[in-house]
Amino acid sequence: MSFRSSLSLVALVGVLAAACAKDPNAPDATTPLTGHWVSSDTVEVFTSFDVHMAQNPNGIIGGNWVGTTRIKNGKCDAEFGCAPRNVVSGSNLSLRVDLDILGAGSFSGQLATKDRIEGKIIRFGVKYGLTLRRVD
């Protein structure tokens, strides 16, 4: 096989592979995120995240979260109290999970396993590591 033929074959294989690749923005219904998720990671004043999510077939996620705040000088956080809570919304895409954990920050991560999501949450421009583990 000549160099030109080899190069043409490599180019053809590359085009075919790209055509078969997942769209990174396509919804992912193969691993639904519906369920109860927890994290002991700390995001600024928040810790002990307890998240309930429901995912519909188009990958849209809704739910709610509750956490605890770090105790300082024997008191809960003045702004958020001892057990902050709010809503969760976002999407499960083929290559990433995006969540708005309202009040805590914006999360972007990936499914490491069907029961673990690893990523970063951004709160007021600061990135924190956050791992969510499914408990049911």
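Preceding block: the structure.
Note that this is a predicted model, so its numbers are computed, not measured.

Student: Honestly, the overall build of the protein chain in this entry has me stumped. Any pointers?
Tutor: Counting its secondary structure elements, the protein chain contains 1 helix and 8 strands. Put simply, the protein chain runs from its N terminus to its C terminus through helices and strands in the order α-β-β-β-β-β-β-β-β. For the protein chain, contacts bridging at least 24 residues in sequence account for 42% of all contacts bridging at least 6. Accessible surface, the protein chain as shown: approximately 8,100 Å² in total, 59% of it carbon and sulfur.

Student: When you look at the pattern of salt bridges in this model, what are you seeing that I'm missing?
Tutor: Pairing of side chains with opposite charge becomes possible as their charged atoms draw close. Across all of its chains, the model carries 5 salt bridges by this definition. Between Asp 115 and Arg 134 there is a salt bridge, with the nearest N and O atoms lying 2.8 Å from each other. Pair noted here: Asp 115 is in the loop between strand E6 (105-113) and strand E7 (116-123) and Arg 134 is in strand E8 (residues 126-134), with a separation of 19 residues, a long-range link. On the accessibility criterion, Asp 115 (29% relative accessible area) is partly exposed. Where salt bridges share partners, they join Lys 114, Asp 115 and Arg 134 into one cluster.

Student: Looking at this structure, I do not really get the pairing of E7. What am I missing?
Tutor: For a regular strand, side-chain orientation follows a simple rule: the groups alternate between the two sheet faces. In E7, alternate side chains face the same way, and those of Ile 117, Gly 119, Ile 121 and Arg 123 are buried while those of Arg 116, Glu 118, Lys 120 and Ile 122 on the opposite face are not. Of the pairings in the sheet, the one linking E6 to E7 comprises 7 bridges and is antiparallel in character. Bridge assignment links Ser 106 to a residue of E7, and that residue is Ile 122. The loop that links E6 with its antiparallel partner E7 comprises 2 residues. As defined by bridge partners, E7 adjoins E8 across 8 bridges and the pair is classed as antiparallel. Residue pairing for E8: Arg 123 is matched across the bridge by Val 126. In textbook terms, the turn of a hairpin is the stretch between consecutive antiparallel strands, and for E7 and E8 this stretch comprises 2 residues, one of which, Phe 124, has a positive phi near 50 degrees.

Student: What's the story with the environment of His 52 in this structure? I'm lost.
Tutor: Considering the arrangement of structural elements, one finds His 52 in strand E2 (residues 46-55). On a C-alpha basis, the gap between His 52 and Val 87 in space is 9.3 Å, while along the polypeptide they are 35 residues apart. Sequence-distant contacts of His 52, that is, excluding residues within four places in its chain, are made with Gly 35, His 36, Gly 62, Gly 63 and Asn 64. At a separation of 3.5 Å, a polar atom in the side chain of His 52 contacts the side chain of Asp 50.

About the criteria used
Residues numbered from 1 in each chain as written. Predicted model: local features only at pLDDT ≥ 70, side-chain atom pairs only at ≥ 80, totals over all residues. Heavy atoms only, no water. Helix = DSSP H or I, 4+ residues; strand = E, 2+ residues; numbered from the N terminus. Contact = heavy atoms within 4.5 Å. Areas by Shrake-Rupley, 256 points an atom, 1.4 Å probe, with all protein chains shown as cover. Salt bridge = Lys/Arg side-chain N within 4 Å of Asp/Glu carboxyl O. Buried < 20%, exposed > 50% of the residue type's maximum accessible area, 1.4 Å probe, protein only. Pairing = 2+ DSSP bridges. Polar contact = N/O pair within 3.5 Å; in protein donor to acceptor, adjacent residues only side chain to side chain.

That is the geometry; function is a separate question.
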